[in-house]
Amino acid sequence: MAESSTHMMFVNRLVEEAEKIVPSNNKSLIYSDKPTSLSKPPRTNENFVPDLYYCFKDLLIIGEAKTADDVEREHSLSQYESYVEAAISFKGKSILIFASPWFTKNTMKNNIRKIFKKYNSHIECRFLTELGEAEII
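Before going into details, it helps to say that this report is about the structure given with it. (Residues numbered from 1 in each chain as written. Predicted model: local features only at pLDDT ≥ 70, side-chain atom pairs only at ≥ 80, totals over all residues. Heavy atoms only, no water.)

1. Points about the pairing of strand β4 (residues 93-99)
Burial analysis of β4 places 6 of its 7 residues in the buried class, the great majority of the element. With 7 bridges connecting them, strand β3 (residues 59-65) and β4 associate as parallel partners. In the sheet register, L59 faces β4, and the bridge partner there is K93. Here 5 bridges tie β4 to strand β5 (residues 124-129), and the two strands are oriented parallel to one another. Of the residues in β5, the one forming a bridge with A99 is L128. Viewed along the sheet, the connection from β4 through helix α3 (residues 105-119) into β5 turns out right-handed. (Buried < 20%, exposed > 50% of the residue type's maximum accessible area, 1.4 Å probe, protein only. Helix = DSSP H or I, 4+ residues; strand = E, 2+ residues; numbered from the N terminus. Pairing = 2+ DSSP bridges. Right-handed = clockwise from strand over helix to strand, strands pointing away.)

2. Notes on the pairing of β3
The buried fraction of β3 is high, at 7 of 7 residues. Following strand β2 (residues 52-56), the chain reverses through 2 residues before pairing antiparallel with β3; K57 in that reversal takes a positive phi of roughly 50°. Once the chain exits β3 it traverses helix α2 (residues 74-89) before rejoining the sheet at β4, and the crossover so formed is right-handed.

3. Things to note about α3
One turn of an α-helix holds 3.6 residues; hence residues three or four places apart share an orientation. For α3, spanning 15 residues, the distance from its first C-alpha to its last is 21 Å, which sits close to the expected 21 Å at 1.5 Å a residue. What α3 keeps buried is the set M108, K109, N111, I112, I115 and F116. Along α3, the residues classed as buried sweep out an arc of 160° about the axis, all on the same side. Facing away from the buried surface of α3 by more than 90 degrees, the exposed residues are K114, K117 and K118. Where α3 is buried, its residues contact α2, β4, β5 and β6 (132-136). Positioned one or two residues after α3, N120 has a phi angle of 50°, which is positive. (Expected span 1.5 Å × (residues − 1). Arc of directions from axis to C-beta. Contact = heavy atoms within 4.5 Å.)

4. With respect to the packing of aromatic side chains
Summed over the entire model, instances satisfying the criterion amount to 3 aromatic pairs. Here the aromatic rings of Y80 and F98 are separated by 5.7 Å at their centres, their planes lie at 80°, and the arrangement is edge-to-face. Within this pair, whereas Y80 is found in helix α2, its partner F98 is found in strand β4, the two being separated by 18 residues in sequence. By relative accessible area, which is 0% here, Y80 ends up buried. Between the aromatic rings of F98 and F127, the centroid separation amounts to 5.7 Å while the plane-to-plane angle is 20°, which identifies the pairing as stacked. In this pair, F98 sits in strand β4 while F127 sits in strand β5, placing the two residues 29 residues apart along the sequence. Judged by its relative accessible area of 2%, F98 is buried. Judged by relative accessible area, which is 2%, F127 ranks as buried. (Phe/Tyr/Trp six-rings, centres within 6.5 Å; stacked < 30°, edge-to-face > 60°.)

5. Quick word on the sheet that holds β4
Pairing in this open sheet of 6 strands is mixed, and the strands run β1-β2-β3-β4-β5-β6 from one edge to the other. Across the chains shown, the open sheet's two edge strands, defined by having one partner strand only, are β1 (31-32) and β6. Looking at chain direction, β5 and β6 are connected through 3 bridges and run antiparallel. Looking at β6, one finds that T129 is bridged to G132. Relative to β5, α3 is tilted by about 165°, and along the sheet it contacts β4, β5 and β6. (Axes fitted to C-alpha atoms, helices over the stretch in contact; angles between N-to-C directions.)

By themselves these figures say nothing about function.
This is the structure:
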């Protein structure tokens, strides 16, 4: 499926943020779901492919990029839950990164908080927009 240029811009933001977290000698282990990527992220147990994936030793990072039209779709909500489940079950530190337009960030955060409440858990989350730095909750 061809992805929009807006979606790809958000995927690039995910990669930039992950590269700030991952040690420089492990950056080649960051997988992204971009047309130019040689290795794609693995599927979750629910058969979703995140836009970004990194897993090495005791650190897991899963990233998902959304355009404004996709933030609240049922498919997207199922993806978020799948990624939270994967992060919760990981035996180490998990970080979830979400990228979306600035005016959808609070909606995205609220959706993730609902999932955390359902699982009575919290994982570090970073919310990115096209306007600047990550907000971490």
